[in-house]
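Results of the structural survey
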Amino acid sequence: MIKLKHAVITLLIMIGPLAYSQSLTVSGTVTDETGSPLPGATVVVSGTTNGTQTDFDGNYTISDVSSDATLVVSYIGYLRQQISVNGRTSINVSLAEDLQALDEVVVVAYGSQSRSEVTGAISTVGAEEISALPVATADQALQGRAAGVTVTNSGAPGVAPVVRIRGVGSPNGGDPLVVIDGVISSGLGSINPNDIESINVLKDAATAAAYGSQAANGVIVVTTKQGKAGKTEVTFNTYTGVQFVTERFDLLNTEQYLTFIEEAFGTVPTTPLSSSGNNTDWQDAIFQTGLMQNYDVGMAGGNENSNFRASVGMLKQEGTIIETGYNRYNARLNSNFNVNDKLKVGQTLAVTFRDITPEVNGNNTNRSLIEHAIKSAPYLPIYNPDNLGGFQGPTSALDGQDAENPVRIQQNGSRKTKGTEIFGSLFAEYELLKGLKFRSQFGLEYSYNNFDSFTPSFDDDSNGQSTHAQAFAAITKNASNFRRFLYTNSLNYKVSINGVHNLDVLALIEKNEAVFNQTNTSSQNAVTNDITQHGPDQVVATSTTDEVDKIGYLARLNYNYDNKYLLSGSIRRDGSSRFGPNTKWGTFPSVSAGWNIAAENFMEDSNLNILKLRGSWGTTGFDGIPNYRFATTLNPNWIYVINGAQVGGTSPAGIPNPDVAWEEREMLNVGLDVGLFDNKFTGAIEYYNNKSNDLLINLPLPGSLGSLASTVPTNIGDAEVKGFEVSLGYNDYEGDFTWSANLNFSTAKTEMLNKGTEGIDQQSTFEGSIVNGLEVGAPIYAFYGYQTDGIYQNQAEVEAVLGTEQTAIQPGDIRFVDQNGDGEINNDDLVQLGQPNPEFTYGFNFDANYKNWDFNLFINGAAGHEIYNTNIYDLEGMPRTFNAGVAVLDRWTPTNPSNSIPRAFDGNNGINTASSDRYIESGDFTRLKNVTLGYTLGDNSILSEYFSRLRIYISGQNLLTFTDYSGLDPEVGNATTNNSEFGVDRGKYPQPKSVLLGLQVTF
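Because the structure is a prediction, the values reported are computed rather than measured.

Moving on to the overall build of the protein chain. Helix and strand counts for the protein chain stand at 12 helices and 52 strands. Against the 2.2 N^0.38 benchmark of 30 Å for 1003 residues, the protein chain shows a C-alpha radius of gyration of 33 Å, consistent with a compact globule. In terms of principal-axis extent, the alpha carbons of the protein chain reach across some 135 × 65 × 60 Å. Going through the 1003 residues of the protein chain one by one, you find that 49% of them count as buried. Residue pairs at least 24 apart in sequence account for 70% of intrachain contacts in the protein chain once pairs closer than 6 positions are excluded. For the protein chain, the exposed surface amounts to about 43,800 Å²; the carbon and sulfur share of it is 54%. For the protein chain, the distance from the average position of its 63 positive side-chain charges to the average position of its 108 negative side-chain charges is 10 Å.

With that out of the way, let us pick up the packing of aromatic side chains. Under the counting rule described, the total for this entry stands at 24 aromatic pairs. Considering the side-chain rings of F260 and F265, the 5.8 Å spacing of their centres and the 80 degrees angle between planes classify their relative orientation as edge-to-face. With a relative accessible area of 13%, F265 lands in the buried category. The rings of F677, F681, Y730, W739, F846 and F855 are connected pair by pair, giving a single aromatic cluster. Positioned above the aromatic ring of F882 is the side chain of K375, whose terminal nitrogen or guanidinium carbon lies 4.5 Å from the ring centre.

So, on to the pairing of strand β50 (residues 949–963). Where strand β49 (residues 925–936) meets β50, 11 bridges bridge the pair, whose relative direction is antiparallel. Its bridge partner being in β50, N930 is matched across the sheet by Q957. As defined by bridge partners, β50 adjoins strand β52 (residues 993–1002) across nine bridges and the pair is classed as antiparallel. Of the residues in β52, the one forming a bridge with G956 is V995.

All right, on to the pattern of salt bridges then. Oppositely charged side chains can pair when the atoms bearing their charge come close. Taken as a whole, this structure holds 41 salt bridges when the rule is applied. Residue R572 pairs with E510 through a salt bridge whose shortest N-O separation is 3.2 Å. Here R572, found in strand β29 (residues 565–576), pairs with E510, found in strand β27 (residues 501–525); they are 62 residues apart in sequence, far enough to count as distant. Between D761 and K755 there is a salt bridge, and its shortest N-O distance comes to 3.3 Å.

Counting residues in each nonpolar core, the largest one holds 42 residues, and the members touching the most others are L188, I199, Y211, V219, I220 and V222. For I199, the contacting residues outside a window of four places in its chain are S123, T124, V125, I130, A138, L142, I220, V221 and V222. Listed in part, the 35 residues of the second largest apolar core include A285, L875, V888 and L968.

Turning to the sheet that holds strand β48 (residues 920–922), a few remarks are in order. As summarised here, the arrangement of the three strands in space is β48-β47-β51, forming an open sheet in which the pairing is mixed. What marks the edges here is a single partner per strand, and that holds for β48 and β51 (984–985). Of the strand pairs in this sheet, strand β47 (residues 866–869) and β48 are connected by three bridges, and their pairing is antiparallel. Note that in β48 the partner of Y868 across the bridge is I920.

Taken together, the five strands give an open sheet; going across it, the order is β10-β15-β16-β13-β14, and neighbouring strands pair in mixed fashion. At either margin of the open sheet sits one strand with a lone partner, and together these are β10 (122–126) and β14 (183–185). Averaged over all pairs of adjacent strands, the angle between strand axes in this sheet comes to 25 degrees, irrespective of strand direction. The sheet contact formed by strand β13 (residues 177–180) and β14 spans three bridges and is antiparallel. In the sheet register, V178 faces β14, and the bridge partner there is S185.

End to end, helix α6 (residues 254–265) covers 16 Å across 12 residues, agreeing with the expected 16 Å (1.5 Å per residue, within 8%). For α6, the set of buried residues is T254, Y257, F260, I261 and F265. Buried positions in α6, seen along its axis, are confined to an arc of 125 degrees and lie on one side of it. In α6, the exposed positions angled more than 90 degrees off the buried face are occupied by E255 and E263. Elements that come into contact with the buried residues of α6 comprise α9 (396–399). Of the residues trailing α6, G266 is marked for its positive phi of about 65 degrees.

This part takes up the pairing of strand β37 (residues 737–747). Two elements, strand β36 (residues 711–732) and β37, share eight bridges in a ladder whose sense is antiparallel. Its bridge partner being in β37, N731 is matched across the sheet by S740. Between β36 and β37, which pair antiparallel one after the other, the connecting turn spans four residues, and G735 there sits at a positive phi close to 90 degrees. As paired elements, β37 and strand β45 (residues 840–850) share 11 bridges and run antiparallel to each other. The partner of S740 across the bridge, within β45, is D847.

Time to look at the side chain of S592. One can find S592 in strand β30 (residues 585–596). Side-chain polar atoms of S592 contact the side chain of T119, separated by 2.6 Å. The residues touching S592, leaving out its near neighbours within four places in the chain, are T119, A206, L566, L567, S568, G615 and S616.

Turning our eyes to something else, we now look at a nonpolar patch on the surface. A cluster of nonpolar side chains, namely V242, L291, F737, Y850, W853, F855, L933, I954, V995 and L997, defines an oily patch on the protein surface of about 870 Å² accessible area. Elements represented by at least two residues in the nonpolar patch include exactly β46 (853–863) and β52. Considering the arrangement of structural elements, one finds L933 in strand β49. When its relative accessible area of 41% is taken as the criterion, L933 is described as partly exposed.

Parameters at a glance
Residues numbered from 1 in each chain as written. Predicted model: local features only at pLDDT ≥ 70, side-chain atom pairs only at ≥ 80, totals over all residues. Heavy atoms only, no water. Helix = DSSP H or I, 4+ residues; strand = E, 2+ residues; numbered from the N terminus. Rg over C-alpha atoms; globule rule 2.2 N^0.38 Å. Buried < 20%, exposed > 50% of the residue type's maximum accessible area, 1.4 Å probe, protein only. Contact = heavy atoms within 4.5 Å. Areas by Shrake-Rupley, 256 points an atom, 1.4 Å probe, with all protein chains shown as cover. Lys, Arg positive; Asp, Glu negative; His and termini not counted. Charge placed at Lys NZ, Arg CZ, Asp CG, Glu CD. Phe/Tyr/Trp six-rings, centres within 6.5 Å; stacked < 30°, edge-to-face > 60°. Lys NZ or Arg CZ within 6 Å of the ring centre and 35° of its normal. Pairing = 2+ DSSP bridges. Salt bridge = Lys/Arg side-chain N within 4 Å of Asp/Glu carboxyl O. Core = buried A, V, L, I, M, F, W, Y, C linked by side-chain atoms within 4.5 Å. Axes fitted to C-alpha atoms, helices over the stretch in contact; angles between N-to-C directions. Expected span 1.5 Å × (residues − 1). Arc of directions from axis to C-beta. Polar contact = N/O pair within 3.5 Å; in protein donor to acceptor, adjacent residues only side chain to side chain. Patch = residues over 30% accessible without salt bridge, like charges linked within 9 Å, V, L, I, M, F, W, Y side chains within 5 Å.

Here it is, written out as structure tokens:
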């Protein structure tokens, strides 16, 4: 019996560990301290990749768990817990708030800081805000989301919006620096918005000066999504919908047009088409409903020592103007590895393929497609199969005008820009000593672009006079590539002394090498339209190479005492090959301080969670000027006359200025952050004053110098931008119905303080008249022209102002104000008429959730600026027998004394069409940017066993716009690459409205 008892005990001892180590299925609920469920919390078996996430009600189930395993439970904003299973199959977990983690971490230059430690001006846009607005590019998602950031969109697919941070401080450019995962980028156009975790906008010297010579216009810092420990998660996002333009100019129909040109110009078209009764709506002919589709798949996962995230995406966007569109294909892989306790390595890699089918200007003209649509005679049909190419256009001698067929411009032939971009980085970080880390990073940006254009021969003139014709096929092939290498090495030391003295010291060296190559070729083929490649006829080939090398050194110190008293300072020294040996180097310091008043003992019983006062001062630089401005460049196409014969040669293109130096921005910022009642109410207010010094202005040269260039670049200009920014927020996250509302608005007032010369420096022109320029005391690129005072109704009024000697101005002409009273209207009477940069921008975002339903409403707007609307010239100018707007039916005639529309004058007398306040309109607008309604299937759905989350939504963009602007779209950016074109509407491609249906799935 004793032996039997011993045998049973031995057997139990042997079976016990086996039972104890068996695989289990563990389930439970993860809640916060109040018992509220935490959906999306991560539950992982320690040391493995076996993990899962909690569902909408905080429930989880995890299989294949060893009975002696340890579960690691984590959730953003809460303290992580490690729980021994000890053979249990049901484990409920309550997580405590991590007050330090709840203090938002923001990405700054070369690192990150908790929001409470930040002493500068930073606006953050998170992944949820970015994904809430289905857009093609990430910079579009910034519009209205961040105070002080102005985004002006284009309706043309694939065309980047104009982004300005705190106004325009220089006539030489205003694009902010873009940094993606620590690597400088040429822009945000190639990155998939669904790959972005956050965008931080650095707006003052305390945050931007660490980038030194490149940060004068602010910095946009993008962080892409990374994997995290737990079960591998797969996401699928898609949306599809339509885009359309409903706005149209009110143009004359055929009957009105024929009556108008006969009465106004005495012209009766003699082509048979003029009496055909045809009535073509040229605007409807060029606009279409475009389909937009987006597909995105992501996969992310990892364990305690490594993580990864991979994604692929496709965007296909048809333009709302015929034969325009944009396609983009993305792939991205991010990974991080903890090799051991000391060494961490990681990489990011993104590959993008894209192609753009652009809008085309007319044959050998600068008219936009919309301008052609306005001017074209409505009795002309679009197509004529008997004409070469199959299109119909005017016969100048018989129709009295030469507007091109806009449909032929777009549909005849093909043109496309195809691009490939590789963007990524490799880094290694090693902890040399406790708190001391060395980090080395290599970044690469490489892009290759091809532009192919093929225009077959055509003749739109069925009367054989070749008003618009091309007797050959035209072939253009342009290729360019850009390569940037960025090497960054840094030492970062963080230490806390006695728990109250907190130091963060950074020392860094960075080298930036960039090379741009471009080859442009063109040829003609007079034999056939079937060959789209270059032949030997009329071949023209040119090429260029630009290289820029930069090197920078940075030292930065962040200190805080008990997280109450904050101090930060940095100094950066940069050298750039864009400047000569006299001025190659620039030094850019900054200093900032802050006081966390809410952390003081006397604030313990206050409802103020955040009350921080902060201020900063510093300088940043700008070197975004054309290369080789300090040196004498050569013109290889100069013709000399030697012994009476013309000989090709080379000549100096201008006079050098070896002292060309950096433009500098001196930035002052004062801010206050507030949070009330557990941050249910939040707010921030900023005052800033940015002064631009040593602006590069092209000073005129006397003709006696004999220089080919009439100007020389000189650091002589000064400008100032100042204003306020306010952000207000309310968040209610209790109960079945939760909602939040956020409002931001900002002001920016720009003034040119000095430019080295007096008067107006003309920049852009239209029809031979000034559009804008630079003048001391005025905003950069302010609009100029004549002030109007009605219309001369009779000869006596003309003579009373201008005397009896002149005959050019007659009754029916516009009365311009003689500003100096000298009896003449000339350049001395030009006045400032407005300016293109918004002085006030705002955005309002409202989110609401009720159980499984979600709703978003987003409104943005701008005010305090004007638009130079050249369309008015086409609609009301009446320079020739072009079609026009219906307003010309009420033009001035001796029997119709109009005081708003002048008389018609065949031949463009340069008076009624001169630049004036007729073309200046308010650009103020308020736009319903987005409205979205979504529904997430609950856990009781039949599909819940297949998906951890499934959401469907319908969304509309730009559905309502409130504005007094008479053009098709009040958002007018750059018409060309010239910065002075901002706010000039030369027939801009309008932004479309869109309606989209989307699906978001998580497996």
